[in-house]
Amino acid sequence: RKTIPRAVGDVTWVTQMTTDRISIFKTMLKRWNGPVSVALYSQDVAKDVREIEDLLDRVDFHIVGASQGLYPVNTLRNVALNNARTDYVILADVDFVPGVGIYEASVAFVASLLAAGRKEEKKVYVFPAFEIDGDDQTVPETFEDLLKMGGKIHQVHNDGGREIAHKYTMYDTWKTAEQPYPVTYKFPYEPYILAPQSIPRYDVRFFGYGNDKASHNYELNAAGFEFNVFPKHFVVHVRHAQGSWVQQTFIDPKDRLSRTLTTFLQDCDRRYALKKSKAVEKIFEPLESKFQFSAEVGKMGDACTATCEKINKKCNNEWGERINSCRELEKQFSCVSGCSDNFFGADLPAFNTQRTECLINNNPAGV
């Protein structure tokens, strides 16, 4: 561990890694002048200590010995977060590099919160996440430099289906913002944030790749934290070879990831006694009886057409909007756990038989 952080109001950069990311990590350190807390997952402690030896005067490393299982990503995040020695932290992945001045801006902002007696506010502050097209992965230094890059730099994961994880940051608004602005949380939003060190911890049931950050932000929202976007500062994803631990996740992911997420959401909702939202919905005239309309639950992974064929019916895609409402789903199913509009995806709307919950698609136009 390095020296004790300087003062109350300091901010720690919190992340987790293996030593194959040391090059990107050192790039981040050139942009971050403050405390750093890292959980290092190690299969060869002696070798890895040699790799980080030149960084020990700057970084608190917390070594976690590797096991034979999947990469324990959320356990590692908690190790780094628990050992951060400041009241505020930035939670980021190791393959993200910030612009110049983000540390100084964060410390100044925290000082303003403390001076205004706002330390107990339940708010987190989002740093928009970007990625760069092309071979040149040089991260812009300033907000102005980023804007000059035009279309070469854009929201991280902006491809179809995955953009939902970051789009609620409202990137166009950020480009002209002078002050932090609030955004509406919807699952599976998973931004990188400045937050109090006391926030709820990551759920350690998530191993490998998938839903690990999204579940944490879901709990922050459930716990009453408001999401705001920090102006003028940002983080950029630096492309790299995919880690072997990511590949291991997908050996048999569908059932495992689904079960873990279902169990987590159920536990989280129970813990915070969430009341499910019912958005304003379009009202349709009842269909004529000749259509013999009904909503059916299929097996996970089955297409709509396959489900309908098993019961000698036909699917009608034009009725997708009709069934995508809590009102209609509750006519068809026993939605004991309520109806949620926190989700997005091509497999929605749906009835979750494990949770007895109805789920509607909050962005049908995006499917």
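Criteria and cut-off values
Residues numbered from 1 in each chain as written. Predicted model: local features only at pLDDT ≥ 70, side-chain atom pairs only at ≥ 80, totals over all residues. Heavy atoms only, no water. 1 Å grid on protein atoms, 1.4 Å probe; cavity = no way out; pocket = protein on both sides within 12 Å on 5 of 7 lines; lining within 4 Å. Points joined across faces, edges and corners; volume = space filled by probe spheres on them. Helix = DSSP H or I, 4+ residues; strand = E, 2+ residues; numbered from the N terminus. Nonpolar A, V, L, I, M, F, W, Y, C, P; charged D, E, K, R; others polar. Pairing = 2+ DSSP bridges. Axes fitted to C-alpha atoms, helices over the stretch in contact; angles between N-to-C directions. Contact = heavy atoms within 4.5 Å. Right-handed = clockwise from strand over helix to strand, strands pointing away. Buried < 20%, exposed > 50% of the residue type's maximum accessible area, 1.4 Å probe, protein only. Salt bridge = Lys/Arg side-chain N within 4 Å of Asp/Glu carboxyl O.

J.: Is there a simple way to explain empty space enclosed by the protein in this structure?
T.: Within the structure shown, the criterion is met by three cavities of 30 Å³ or more. Of the volumes computed, that of the largest cavity is approximately 120 Å³. Along the wall of the largest cavity there are 14 residues; nearest its centre are Arg-77, Leu-91, Ala-92, Tyr-202 and Lys-213. Looking at the lining of the largest cavity, the elements that each hand over two or more residues are strand S1 (11-17), strand S10 (192-196) and helix H7 (212-222). Counted by class, the lining of the largest cavity contains seven nonpolar, four polar and three charged residues.

J.: Any chance you could explain the sheet that holds strand S3 (residues 60-65) here in plain terms?
T.: Strand order in the open sheet formed by eight strands is S3-S2-S1-S4-S10-S6-S11-S9, with mixed pairing between adjacent strands. Every interior strand has two partners, whereas the edge strands, S3 and strand S9 (181-183), have only one. Neighbour-to-neighbour, the strand axes of the sheet open up by a mean angle of 30°, direction not taken into account. Looking at chain direction, S1 and strand S4 (residues 88-91) are connected through four bridges and run parallel. Looking at S4, one finds that Val-14 is bridged to Leu-91. Along the sheet face, helix H2 (residues 45-52) touches strand S2 (36-42) and S3 and points at about 145° away from the line of S2.

J.: Would you take a moment to explain the pairing of S3 for this structure?
T.: Regular strands have side chains that alternate between both faces of the sheet. Where S2 meets S3, six bridges bridge the pair, whose relative direction is parallel. The residue of S3 that forms the bridge with Ser-42 is Gly-65. Once the chain exits S2 it traverses H2 before rejoining the sheet at S3, and the crossover so formed is right-handed.

J.: So what exactly am I meant to see when it comes to unusual backbone geometry here?
T.: The omega angle of the peptide bond from Phe-187 to Pro-188 is 10°, so this bond is cis rather than trans. Phi at His-157 is positive, roughly 50°, even though this residue is not glycine. Inspection of the secondary structure puts His-157 in the loop between strand S8 (153-155) and helix H6 (171-174). Judged by its relative accessible area of 17%, His-157 is buried. We note that Asn-312 has phi near 60°; this positive angle belongs to a residue other than glycine. Mapped onto the elements, Asn-312 comes out in the loop between helix H10 (304-310) and helix H11 (320-323). Accessibility expressed as a relative area gives 74% for Asn-312, which makes it exposed.

J.: Can you help me understand the sheet that holds strand S12 (residues 235-237) in this one?
T.: In a beta sheet, neighbouring strands pair by backbone hydrogen bonds and run either parallel or antiparallel. In space, the four strands of this open sheet follow the order S5-S12-S7-S8, with mixed pairing throughout. Only two strands of the sheet have a single neighbouring strand rather than two, namely strand S5 (96-98) and S8. Pairs of neighbouring strands in the sheet enclose a mean axial angle of 40°, with direction left out of account.

J.: Just to check I follow, could you spell out the pattern of salt bridges for this structure?
T.: Applying the stated criterion across every chain, the model contains 14 salt bridges. Measuring nitrogen to oxygen at the nearest pair gives 3.6 Å for the salt bridge that ties Asp-20 to Arg-21. A salt bridge links Glu-178 to Lys-232; its shortest N-O distance comes to 3.3 Å. Taken together, the residues Glu-178 in the loop between H6 and S9 and Lys-232 in the loop between strand S11 (226-229) and S12 connect sequence positions 54 residues apart. In this structure Glu-178 comes out as exposed when scored by relative accessible area, which is 56%.

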